[in-house]
Amino acid sequence: YFTLVHFNPVFMETCAEKAARDPPYDLRTRCIWMHSFALPIAVLDIAIARQHGPLRADSSIVASLLMVVFYVLFYIGLIVANFRVTGYWPYEFLKEFKTVGKWISFAVAQSAIMTIFCLISWGLALVPSAW
């Protein structure tokens, strides 16, 4: 959310329009609340709630990174399929993607973000368990 939508001018305009309604609807704050807790909860899950020995034994960084690539390609595929059916892009900036190069850059950027999250999770599993 934060890399795709939060700072997008069209989204900020939509938020301003919704905030000006009667009654006002604070979409921006609602989206922040909906999206802010996923990463801290994942970190707490790995850092505190799980036993790290079995977690390391049962997971593979290679499989995890392949899953990241699959997820990003699947997600982009869903976005494109949705556009073909509805004629609507879920993110305004996608209208500017007129070349394959822009789509590849988008896929690489999304893969990089997900890879960073994956590596942070993997690194936390290497730290001794909290209990």
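Calculation notes
Just so you know, the residues in each chain are numbered from 1, in the order the chain's sequence is written. Per-residue local features are limited, in this predicted model, to residues with pLDDT of at least 70; the limit for side-chain atom pairs, both in listing and counting, is 80 or more; totals at the level of whole chains, interfaces and linings are taken over all residues. Hydrogens and water are ignored here; the side-chain numbers use all heavy atoms of the structure. Numbering of helices and strands runs from the N terminus, with a helix taken as a DSSP run of H or I at least four residues long and a strand as a DSSP run of E at least two residues long. Throughout, exposure labels follow a simple rule: accessible area from a 1.4 Å probe, protein chains only, divided by the maximum for the residue type, with under 20% read as buried, over 50% as exposed, and the rest as partly exposed. Residue contacts are defined here by distance: any two heavy atoms, one from each residue, within 4.5 Å place the two residues in contact. Methods summary: accessible areas were calculated by the Shrake-Rupley approach with a probe of 1.4 Å, and residue burial reflects only the protein chains presented. For this count, His and the chain ends are skipped, Lys and Arg are scored as positive, and Asp and Glu as negative. Note on charges: their place is set at NZ of Lys, CZ of Arg, CG of Asp or CD of Glu.

(A) How the structure looks around the overall build of the protein chain. Per the secondary structure count, the protein chain includes seven helices and zero strands. Reading the protein chain from its N terminus to its C terminus gives the helix and strand order α-α-α-α-α-α-α. Seen through its C-alpha atoms, the protein chain measures out along the principal axes to roughly 50 × 40 × 20 Å. Burial statistics for the protein chain: of 131 residues in total, 21% are counted as buried. Taking contacts inside the protein chain between residues at least 6 apart in sequence as the whole, the part at least 24 apart equals 63%. Carbon and sulfur atoms provide 71% of the accessible area of the protein chain, an area that totals close to 9100 Å². In the protein chain, the 10 positive side-chain charges and the 8 negative ones have mean positions that sit 6 Å from each other.

(B) Examining unusual backbone geometry more closely. Cis peptide bonds are those with omega within 30 degrees of zero, and the linkage from Asp 22 to Pro 23 qualifies with 5 degrees. Examined against the element boundaries, Pro 23 turns out to sit in the loop between helix H2 (9-19) and helix H3 (27-36).

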